[in-house]
Amino acid sequence: MDRSSAGISGKYARSDNYYNRPGGHAASSGRGRYRHATIRQWDHPPRTAPGRNEFYHSSGASSSQHLQGRSINPAQDFNALIKQEIMADLLRKSDRFGHRYDGRHHGQYASSIKKYTSAAKRPLNRAEQSQLIHLLQNYTVTRSWNWRSLTTTLHSLTSAGVFTFHKPMDERVKLTQAHLLSRLLDAIIFNCNQKTEARNIDAQGIANLLWAMAKLVDNGQKQTPEFKEAVAALLRLVNAQKDQFIPQGIANLLWAMAKLVDNGLEWTSGLKEAVVALLPHVNAQKDQFKAQGIANLLWAITKLVDNGQERTPGLNEAVAALLPYVNAQQNQFIPQHIANLLWAMAKLVDNGQEQTPSLNEALVALLSRVNAQKDQFNVQDITNLLWAMAKLVNNGQKQTPGLNEAVATLLPHVNV
């Protein structure tokens, strides 16, 4: 009954600000499923990467800085992204450095595409995607790219909607999407399998990539053998870096794992170990999660349980740690959060969650927000909310005045 878009959205989702450090060259790849092409971009001095627990801000492309520094003219801004000179410049830089090229200029270009869509407050539309994809036929990804370039490119292009499937879909667009994604996945797998000192892999980048891959699947991407191999390679790194994840990274990772499992990813030892590794950090960092992080975590934990995750002591402790903060941050939740949280709590109770005082307090707090935001719920939210309330009552929840008021508030909106 949960909405398919449940999970990361809005400000909390902007993990594209994770941007890892340059370095770590390797031999050029010949492994991808398609013959690769090439592209180009602006001249800029390399940026100094922030510390591990900082969010990375601008990735340094002059075009994107220019877009942010003036009033928005979407047509002009998009046209600036699809100039042939950009591709020619990227090709020249890639050719000049050969197998030593680390992909930084390609990463900057990908980031500027994401900045355009962020400024426009929407992903690329079908026409924009088609024009951009035509240009990206010459966008070459190789194994020599460093971690920072790979994480920025995949996350930025995914967030911007470059890989989104539209209906109907031009075959040339589909082929270029498959080509580009295959090359990115190959380079990511290659980087993950290198010795630690040669990779410069960081926790933020891992969270960023798994978030992007979950979004790809959520948008219709098939979980091909290559895709699954890349996910497995990243999951192995989660346990190794578990102590380095900041709250947003933890929320993004568990959301991504839940999305992947909900879309058919099989439970592997690597996935189970990653979940087990992260759950204690939910408890340890419980007071640092923002409202959206709390909503995403409880949704993710519920989805994992709904798809076969065992109710371990670590999982129960994570749920217990988060519930008091639902009450504390009740005024920060948007309608989608409220709907997802009530759906999650009803599902947890249906799966054996004890109705503790903290759970009941969280329910009371959220039900009051249903009345306060009654005109802002969409049809899917209302469906989820009414289902959740019915499920709670079926599992012994008292029909309190707050619950009855919430139901009465929503019913008139059912047939609107």
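Enquirer: Could you clarify how one ought to interpret the overall build of the protein in this entry?
Expert: The secondary structure content of the protein amounts to 18 helices and zero strands. Within the protein, counting contacts between residues at least 6 apart in sequence, those at least 24 apart form 83% of the total. Taken as a whole, the protein presents about 17400 Å² of accessible surface, with 49% of it coming from carbon and sulfur.

Enquirer: Teacher, can you tell me more about the side chain of Thr-152 here?
Expert: One can find Thr-152 in helix H6 (residues 147-160). Taking relative accessible area as the criterion, Thr-152 reaches 3% and is therefore assigned buried. Of the polar contacts made by the side chain of Thr-152, one reaches the backbone oxygen of Arg-148; its length is 2.9 Å.

Enquirer: Sorry, what's going on with the packing of helix H9 (residues 203-218) against helix H11 (residues 247-262) here?
Expert: Pairs of packed helices are described in terms of their axes, by the angle between the two and the distance that separates them. Interhelical geometry of H9 versus H11 gives an angle of 30 degrees and a closest axis separation of 8 Å. With respect to the hand of their crossing, H9 and H11 are arranged in left-handed fashion. Where H9 approaches H11, its residues Ile-206, Ala-207, Leu-210, Trp-211, Met-213, Ala-214, Lys-215, Val-217 and Asp-218 are matched on the opposing element by Gly-249, Asn-252, Leu-253, Trp-255, Ala-256, Lys-259 and Leu-260. By residue class, the composition of the contact of H9 with H11 is 11 nonpolar, two polar and three charged.

Enquirer: Sorry if this is basic, but what is going on with H9 here?
Expert: Owing to its 3.6 residues per turn, the α-helix brings residues three or four apart onto one side. Compared with the 22 Å implied by 1.5 Å per residue over 16 residues, the 23 Å span of H9 between its first and last C-alpha is a close match. Burial analysis of H9 places 14 of its 16 residues in the buried class, the great majority of the element. Where H9 terminates, the next one or two residues include Gly-220, which has phi positive at roughly 110 degrees.

Enquirer: I keep staring at the pattern of salt bridges and nothing clicks. Help me out?
Expert: Once their charged atoms are close, side chains differing in charge can pair, the charge on each being opposite to the other. Scanning the model with the defined rule gives 11 salt bridges in all. Note that Asp-89 is salt-bridged to Arg-92, the shortest N-O span being 2.3 Å. Of this pair, Asp-89 and Arg-92 are both found in helix H3 (residues 84-97), three residues apart, which corresponds to roughly one turn of the helix. As a salt-bridge pair, Lys-347 and Asp-306 come within 3.3 Å of each other at their nearest N and O atoms. With a gap of 41 residues between them, Lys-347 in helix H15 (residues 335-350) and Asp-306 in helix H13 (residues 291-306) connect regions that are remote in the sequence.

Enquirer: Just to check I follow, could you spell out the packing of aromatic side chains for this structure?
Expert: Ring pairs (aromatic) are described by centroid distance and by the angle formed between their planes. For the structure on display, the rule yields three aromatic pairs. Between Phe-78 and Tyr-116, the ring centres sit 5.7 Å apart and the planes meet at 45 degrees, which makes this aromatic pair tilted. Of this pair, Phe-78 sits in helix H2 (residues 74-81) while Tyr-116 is found in helix H4 (residues 104-120), placing the two residues 38 residues apart along the sequence. The buried category is assigned to Phe-78, whose relative accessible area is 5%. Look at Tyr-116 and you get buried, because its relative accessible area is 2%. On the basis of an interplanar angle of 75 degrees and a centroid distance of 6.0 Å, the ring pair of Tyr-139 and Trp-145 is categorised as edge-to-face.

Enquirer: Would you explain the side chain of Gln-241 in this entry?
Expert: Inspection of the secondary structure puts Gln-241 in the loop between helix H10 (225-240) and H11. We classify Gln-241 as buried; its relative accessible area is 14%. The contact partners of Gln-241, leaving out residues within four places of it in the chain, are Ile-201, Asp-202, Ala-203 and Ile-206.

Enquirer: Looking at this model, I keep getting lost on helix H12 (residues 269-284). Mind explaining?
Expert: For H12, built from 16 residues, the straight-helix expectation of 22 Å at 1.5 Å per residue is met to within 8% by its first-to-last C-alpha distance of 24 Å. Considering only its buried residues, H12 is in contact with H10, H11, H13 and helix H14 (313-328).

Enquirer: Sorry, what's going on with the nonpolar core here?
Expert: What tends to happen in soluble globular proteins is that the nonpolar side chains get buried as a cluster. One finds Tyr-109, Leu-154, Leu-210, Leu-254 and Met-257 to be the most contacted residues of the largest nonpolar core, which totals 118 residues. Of all the elements, H9 adds the most residues to this core, at 11 residues. In contact with Leu-210, other than residues within four places in its own chain, are Val-231, Leu-234, Leu-235, Val-238, Leu-253, Ala-256 and Leu-260.

Enquirer: Sorry if this is basic, but what is going on with the confidence of the model for the protein here?
Expert: For any part of a model where pLDDT is low, the fine detail of the predicted coordinates should not be relied upon. When pLDDT is averaged along the protein, the result is 83, and 80% of the positions lie at 70 or above. Note that pLDDT drops below 50 for residues 1-72; the model gives that stretch 246 contacts with residues more than four away or on any other chain.

Enquirer: I keep staring at the environment of Gly-220 and nothing clicks. Help me out?
Expert: One can find Gly-220 in the loop between H9 and H10. Residue classification places Gly-220 among the partly exposed residues on the basis of a relative accessible area of 48%. Considered as a pair, Gly-220 and Asn-263 are 43 residues apart in the sequence and their alpha carbons are 9.5 Å apart.

Enquirer: I tried to follow the packing of helix H5 (residues 126-136) against helix H7 (residues 171-192) on my own but got confused; where do I start?
Expert: Between H5 and H7, the least distance of the axes is 10 Å, while the angle of their chain directions is 55 degrees. Considering their axes alone, H5 and H7 lie oblique with respect to each other. Crossing of H5 against H7: the hand is left-handed. Where H5 abuts H7, its residues Gln-129, Ser-130, Ile-133 and Leu-136 lie against Val-173, Thr-176, Gln-177 and Leu-180. Split by residue class, the contact of H5 with H7 holds four nonpolar, four polar and no charged.

Enquirer: Where do I start with unusual backbone geometry in this structure?
Expert: Negative phi is the rule for most residues except glycine; trans is the rule for most peptide bonds. A cis amide bond, omega -5 degrees, links Lys-167 with the succeeding residue Pro-168. Structurally, Pro-168 can be placed in the loop between H6 and H7. A positive phi angle, close to 60 degrees, is found at Lys-121, a residue other than glycine. Examined against the element boundaries, Lys-121 turns out to sit in the loop between H4 and H5.

What counts, and at which threshold
- Residues numbered from 1 in each chain as written.
- Predicted model: local features only at pLDDT ≥ 70, side-chain atom pairs only at ≥ 80, totals over all residues.
- Heavy atoms only, no water.
- Helix = DSSP H or I, 4+ residues; strand = E, 2+ residues; numbered from the N terminus.
- Contact = heavy atoms within 4.5 Å.
- Areas by Shrake-Rupley, 256 points an atom, 1.4 Å probe, with all protein chains shown as cover.
- Buried < 20%, exposed > 50% of the residue type's maximum accessible area, 1.4 Å probe, protein only.
- Polar contact = N/O pair within 3.5 Å; in protein donor to acceptor, adjacent residues only side chain to side chain.
- Axes fitted to C-alpha atoms, helices over the stretch in contact; angles between N-to-C directions.
- Left-handed = near helix turned anticlockwise from the far one by under 90°.
- Nonpolar A, V, L, I, M, F, W, Y, C, P; charged D, E, K, R; others polar.
- Expected span 1.5 Å × (residues − 1).
- Salt bridge = Lys/Arg side-chain N within 4 Å of Asp/Glu carboxyl O.
- Phe/Tyr/Trp six-rings, centres within 6.5 Å; stacked < 30°, edge-to-face > 60°.
- Core = buried A, V, L, I, M, F, W, Y, C linked by side-chain atoms within 4.5 Å.
- pLDDT = per-residue confidence, 0-100.
- Parallel < 35°, antiparallel > 145°, perpendicular 65-115°, else oblique.

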